[in-house]
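Structure assessment
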Amino acid sequence: MQIENRTRLVAAGVERVDFFSDELITAQTSDGRMHIKGEGLYIENLNAETGELLVKGRVIALSYDDGVKPASVLGRIFK
């Protein structure tokens, strides 16, 4: 992952893009789901063969989740 001057983001291991708008891009990666929040975001390039994603715009936040849903209260009690 590379972020240059908060205006250019290059990510590797991207399997697919699930959602995109000028404020949020959500992509599935080999390490989990990635969320890119910002302003004026756009996908300049997504290479399906190499898994490289190039995003331009103002990057404000970047987060990951591993796709594991938290267990319900009953699920934790009866574990």
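Reference entry: report on the structure contained in this document. In this text the structure is predicted, and so the values were computed from the model without any measurement.

Procedures and definitions
- Residues numbered from 1 in each chain as written.
- Predicted model: local features only at pLDDT ≥ 70, side-chain atom pairs only at ≥ 80, totals over all residues.
- Heavy atoms only, no water.
- Pairing = 2+ DSSP bridges.
- Helix = DSSP H or I, 4+ residues; strand = E, 2+ residues; numbered from the N terminus.
- Axes fitted to C-alpha atoms, helices over the stretch in contact; angles between N-to-C directions.
- Polar contact = N/O pair within 3.5 Å; in protein donor to acceptor, adjacent residues only side chain to side chain.
- Contact = heavy atoms within 4.5 Å.
- Salt bridge = Lys/Arg side-chain N within 4 Å of Asp/Glu carboxyl O.
- Buried < 20%, exposed > 50% of the residue type's maximum accessible area, 1.4 Å probe, protein only.
- Core = buried A, V, L, I, M, F, W, Y, C linked by side-chain atoms within 4.5 Å.

Attention shifts here to the sheet that holds strand β2 (residues 8-11). Read from one edge to the other, the open sheet built from 6 strands follows the order β1-β2-β6-β5-β4-β3, with strand pairing classed as antiparallel. Where the open sheet ends on each side, the last strands, each with one partner, are β1 (2-4) and β3 (14-20). Mean inter-strand twist for the sheet, computed between neighbouring axes without regard to direction, equals 35°. As judged from the 12 bridges shared by strand β5 (residues 32-47) and strand β6 (residues 52-65), these two strands associate in the antiparallel manner. Directly across from H35, in β6, lies its bridge partner S63.

Structurally, T26 is set in strand β4 (residues 24-29). A polar contact is formed between the side chain of T26 and the side chain of H35, at a distance of 3.4 Å. Leaving out residues up to four positions away in the same chain, T26 has contacts with V17, D18, F19, R33, M34 and H35.

Right, let's talk about the pattern of salt bridges for a bit. By the definition in use, this model includes 4 salt bridges. Note that R16 and D18 form a salt bridge whose closest N and O atoms lie 2.6 Å from each other. Of the residues examined, R16 reaches a relative accessible area of 42% and is grouped as partly exposed. Across the pair E44 and K56 runs a salt bridge, and its minimum N-O distance is 3.3 Å. Taken together, the residues span a long stretch of sequence, with E44 in strand β5 and K56 in strand β6 at a distance of 12 residues. Here E44 falls in the partly exposed class, since its relative accessible area comes to 41%. A relative accessible area of 24% places K56 in the partly exposed class. Overlapping salt bridges, with partners in common, bring together R16, D18 and R33 in one network.

With that settled, the discussion passes to the nonpolar core. Soluble globular proteins: nonpolar side chains tend toward being buried together. Of all hydrophobic cores here, the largest spans 11 residues; its members are L9, A11, V14, I25, A27, M34, I36, L41, L53, V55 and V59. The set of elements that each furnish at least two residues to this core consists of β2, β4, β5 and β6. Leaving out residues up to four positions away in the same chain, V59 has contacts with R6, L9, I36, K37, G38 and L41.

With that out of the way, let us pick up the environment of T29. Its location among the elements puts T29 in strand β4. Relative accessible area serves as the criterion here: at 5%, T29 is assigned to the buried category. Separated by 18 residues in sequence, T29 and A11 have C-alpha atoms that sit 9.0 Å apart. Those residues in contact with T29 that sit more than four places away from it in its chain are G13, V14, E15, M34 and Y64. Within polar-contact distance, the side chain of T29 engages the backbone oxygen of G32 at 2.6 Å.

Bear in mind that shape data such as this cannot, by itself, settle questions of function.
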